[in-house]
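Examining the three-dimensional arrangement
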Amino acid sequence: QLVESGGGLVQAGGSLRLSCAASGRTFNNNAMGWFRQAPGKEREFVSSISWRGERTYYADSVKGRFAISRDNAKNTLYLQMNSLKPDDTAIYYCAAARGSYGLGSASEVQYWGQGTQVTVSS
């Protein structure tokens, strides 16, 4: 099970840090990542990280503003979001991939979290 936390309401230019805690099993050998879905839009890739954390990937829309990290000892995934924009408003989902390195699309996801709402006001 994956449980996200840290979402909320923030003004444009502000920051939030999302966390995703795994329970019931370990995902230390899985690539993990974040996706988001805005109202009326499809779920889209945000960022992912390989199982040891040595490889990270970002959507162009968040590159330079968001930072993904993981702590395998705590079985937890993070997403630091800075310089937030109203366009970042969405439900953010934590995801665990089937493999150890690649996670770039929803088709590669084995487990999903329930999502956490992020709202950025202008």
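First, a word on what this report is: a plain description of the structure on this page. Note that the structure is a prediction, hence the values are computed from the model and not measured. (Residues numbered from 1 in each chain as written. Predicted model: local features only at pLDDT ≥ 70, side-chain atom pairs only at ≥ 80, totals over all residues. Heavy atoms only, no water.)

Counting residues in hydrophobic clusters, the biggest one holds 33 residues, and the most contacted among them are Leu2, Trp34, Phe66, Leu77, Leu79, Met81 and Tyr92. Counting only elements with at least two residues in this core, the list comes to β3 (16-22), β4 (32-37), β5 (44-49), β7 (66-71), β8 (76-81), β9 (90-97) and β11 (116-121). For Leu2, the contacting residues outside a window of four places in its chain are Cys20, Ala21, Ala22, Phe27, Met32, Cys94, Ala95, Ala96, Tyr111, Trp112, Gly113 and Gln114. (Core = buried A, V, L, I, M, F, W, Y, C linked by side-chain atoms within 4.5 Å. Buried < 20%, exposed > 50% of the residue type's maximum accessible area, 1.4 Å probe, protein only. Helix = DSSP H or I, 4+ residues; strand = E, 2+ residues; numbered from the N terminus. Contact = heavy atoms within 4.5 Å.)

Mapped onto the fold, Thr116 is located in strand β11. The class for Thr116 is buried, based on a relative accessible area of 12%. A polar contact of 3.3 Å, which involves the side chain of Thr116, links it to the backbone nitrogen of Gly7. Excluding residues that lie within four positions of it along the chain, Thr116 makes contacts with Glu4, Ser5, Gly7, Leu18, Ala90, Ile91 and Tyr92. (Polar contact = N/O pair within 3.5 Å; in protein donor to acceptor, adjacent residues only side chain to side chain.)

With that settled, the discussion passes to the pattern of salt bridges. Within this structure, the stated rule accounts for five salt bridges. Between Glu54 and Arg52 there is a salt bridge; the shortest N-O distance is 3.6 Å. Since its relative accessible area comes to 55%, Arg52 is described here as exposed. Of the charged contacts in the structure, one is a salt bridge between Lys63 and Asp60, with a shortest N-O distance of 3.1 Å. With a relative accessible area of 65%, Asp60 lands in the exposed category. What emerges from the salt-bridge pattern is a single network uniting Arg36, Glu44, Arg65 and Asp88. (Salt bridge = Lys/Arg side-chain N within 4 Å of Asp/Glu carboxyl O.)

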